[in-house]
Amino acid sequence: MKRETIAIHGGWDGDPTTKAVAVPIYQTIAFEFDSAEHGAALFNLEVEGNIYTRIGNPTNAVLEKRVAALEGGLEALSVSSGMAAIEYSLINIAEAGNNIVSLPQLYGATYTLLAHILPKRGISSRFSASDDPAEVDKLIDENTRAVYCESVGNPAGNVADIEGLARVAHKHGVPLIVDNTIATPILLRPIECGADVVVHSMTKFMGGHGTTLGGMIVDSGKFPWRDYPERFYMLNRPEIAYHGVVYVEHYGDAAYVARCRTVCQRNTGATLSPFNGFLLLQGVETLALRVERHVENARQVAEFLRGHPVVEWVNYAGFPDNPLYPMAQRYLGSKRCSLLTFGVKGGFEAGKRCFNALRLFKRMVNMGDAKSLACHPASTTHRQLTPEEQLQVGVTPEMIRLSVGIEHIDDIIEDLAQALEQSKREASEAVAISVGGR
Ligand SMILES: Cc1ncc(COP(=O)(O)O)c(C=O)c1O
């Protein structure tokens, strides 16, 4: 099936008992065992079935199958947020003494997780000097357990060279983990380019309506964990945290995601609620249509901003003179993501005035909503970072980030136009007052 069809039908064939067409919400914590023997067989992983919603739930299972199919992966695990997905994807295979090698430009909380939280648990992070796979190559050593990147970086919009990164990661025998939140599998499928694991904040475009937090870890099923029995011993040796199961033997190619579910999620509990699973399924159904509209609206917004006299710069990978263009062209084809950044002439204050004058755009820190959203990263998402760290992850003080929604393009542009005019007017008034006051 094509992605548009998978998004609607993947993982669900209707309910054979009730004939319900929509995926039911299995709002239950636990599932009844037929007998003590049946319960034991479930716990021993000898038969398939449900035990307890912290480990798995039938509503979420449909979402997991659907997203795995959309990404071209083997299996997936849904979790309660994108950050939970990122953390589990790493701690599933890394422990004290290990390191993660990452591209430098990342979503703020991901950067904080890697730079400040995991190191307190003994897992250090090494950020490459640039996106060049050769720079990443230099940082990998025998203690590296994963190479990490965002397929399209938030907020810088940099497009990762996934093929190049997969090549260097695999040369050293480590997996490439890619956050595909911004691109979504409609625009880019990292597994086809060599990624081993894909993580998502389902909260954004996948859900698409700004109502529901969720995360997903998709396992390509392609990384040869068995070839590295010492490095990835947790998948190759009896697992003490799950009564001695050897994941690669029991689950074969799906070992990674199975351990994530039965060790990370089962014992730390960042589970997606079935109700949220249901809401995310509604969102995913229209993903392809929404992304198409997001992409086209963003293209027109970028053109408009670039032609506006008050705008200093626009970072949009669709402009051939943008340094991101070649990589975007290679991985996204003719389409571009609907996240873009721009700076208003006059620096921080001018940017703030424009931001404050927006009416249709919602001022908030989310993205990927059907609604158009604007954010000022330096004062919000990336506020906890030092100015140097902000620059490292691609944030400048005046930068405004837009997540262009799917409203009518005329209304979107009209709002931006009035906000830019308003900020210009306020700037002249401020000059007049300061001149008058002298
Ligand atoms: C690229 C990216 N990854 C992960 C996350 C974290 O997602 P969540 O808010 O669902 O935890 C975000 C949040 O903005 C993000 O932009």
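Residues numbered from 1 in each chain as written. Predicted model: local features only at pLDDT ≥ 70, side-chain atom pairs only at ≥ 80, totals over all residues. Heavy atoms only, no water.

Draft legend 1. Spotlight on the overall build of the protein. Helix and strand counts for the protein stand at 17 helices and 12 strands. Computed over its C-alpha atoms, the radius of gyration of the protein comes to 23 Å, within 12% of the 22 Å expected for a compact globule of 438 residues. Each principal axis of the C-alpha atoms in the protein carries an extent, and together these give about 85 × 55 × 40 Å. Burial statistics for the protein: of 438 residues in total, 55% are counted as buried. Put simply, of all contacts in the protein between residues at least 6 apart along the chain, 72% involve residues at least 24 apart. Accessible area of the protein: about 18,300 Å², with a carbon and sulfur share of 54%. Of the side-chain charges in the protein, 41 are positive and 50 negative, and the distance between the mean point of each set is 4 Å. (Helix = DSSP H or I, 4+ residues; strand = E, 2+ residues; numbered from the N terminus. Rg over C-alpha atoms; globule rule 2.2 N^0.38 Å. Buried < 20%, exposed > 50% of the residue type's maximum accessible area, 1.4 Å probe, protein only. Contact = heavy atoms within 4.5 Å. Areas by Shrake-Rupley, 256 points an atom, 1.4 Å probe, with all protein chains shown as cover. Lys, Arg positive; Asp, Glu negative; His and termini not counted. Charge placed at Lys NZ, Arg CZ, Asp CG, Glu CD.)

Draft legend 2. Here's a closer look at the pairing of strand S6 (residues 197–201). With 5 of 5 residues buried, S6 is to be regarded as a mostly interior element. Judged by which residues are buried, S6 turns out to be covered on both faces: Val-197, Val-199 and Ser-201 on one side and Val-198 and His-200 on the other are all buried. Pairing of strand S5 (residues 176–179) with S6, which is carried by 3 bridges, proceeds in the parallel orientation. Paired with Asp-179 across the bridge in S6 is Val-199. Relative to strand S7 (residues 215–219), S6 is paired through 5 bridges, and the arrangement is antiparallel. Looking at S7, one finds that His-200 is bridged to Met-216. (Pairing = 2+ DSSP bridges.)

Draft legend 3. Just the sheet that holds S7, in detail. Strands sit in the order S1-S7-S6-S5-S4-S2-S3 across an open sheet of 7 strands; the sheet is mixed. At either margin of the open sheet sits one strand with a lone partner, and together these are strand S1 (75–79) and strand S3 (124–127). For this sheet, the mean inter-axis angle between neighbouring strands, taken without regard to orientation, is 20°. Sheet topology note: the strand S4 (residues 144–150)/S5 ladder contains 4 bridges and is parallel. (Axes fitted to C-alpha atoms, helices over the stretch in contact; angles between N-to-C directions.)

Draft legend 4. The nonpolar core, seen in detail. Of all hydrophobic cores here, the largest spans 55 residues; its most connected members are Leu-63, Val-136, Ile-162, Leu-176, Met-202, Val-218 and Leu-332. Residue-level mapping places this core at the junction of two domains, with at least three residues from each of domain 1 (3–283) and domain 2 (288–437). Discounting chain neighbours no more than four positions away, the residues touching Ile-162 are Ser-151, Leu-176, Val-178, Leu-188, Pro-190, Cys-193, Ala-195 and Tyr-331. Core analysis: the next-biggest nonpolar cluster, separate from the first, contains 45 residues, Leu-45, Ile-217, Phe-223 and Val-263 among them. (Core = buried A, V, L, I, M, F, W, Y, C linked by side-chain atoms within 4.5 Å. Domains from an automatic or database assignment.)

Draft legend 5. Molecular detail of the pairing of strand S2 (residues 99–102). Burial along S2 is two-sided: Asn-99 and Val-101 and Ile-100 and Ser-102, pointing in opposite directions, are all buried. Of the pairings in the sheet, the one linking S2 to S3 comprises 4 bridges and is parallel in character. When the bridges of S3 are listed, Val-101 appears paired with Arg-126. Of the crossover connections in this fold, the one passing from S2 over helix H5 (residues 108–117) to the parallel S3 is right-handed. Of the pairings in the sheet, the one linking S2 to S4 comprises 4 bridges and is parallel in character. Each bridged residue has a counterpart across the sheet, and for Asn-99 the counterpart in S4 is Thr-144. (Right-handed = clockwise from strand over helix to strand, strands pointing away.)

Draft legend 6. The arrangement of unusual backbone geometry in detail. Residue Asn-154 is joined to Pro-155 through a cis peptide bond whose omega torsion reads 10°. Mapped onto the fold, Pro-155 is located in the loop between S4 and helix H7 (162–171). Unlike most non-glycine residues, Leu-45 shows phi in positive territory, near 65°. Structurally, Leu-45 can be placed in the loop between helix H2 (36–43) and helix H3 (58–71). We note that His-243 has phi near 20°; this positive angle belongs to a residue other than glycine.

Draft legend 7. Focus on the side chain of His-294. Take His-294: it is sitting in helix H13 (residues 287–306). Setting aside residues up to four positions removed in sequence, His-294 forms contacts with Phe-205, Ser-338, Gly-368, Asp-369, Ala-370, Val-404, Gly-405 and Ile-406.

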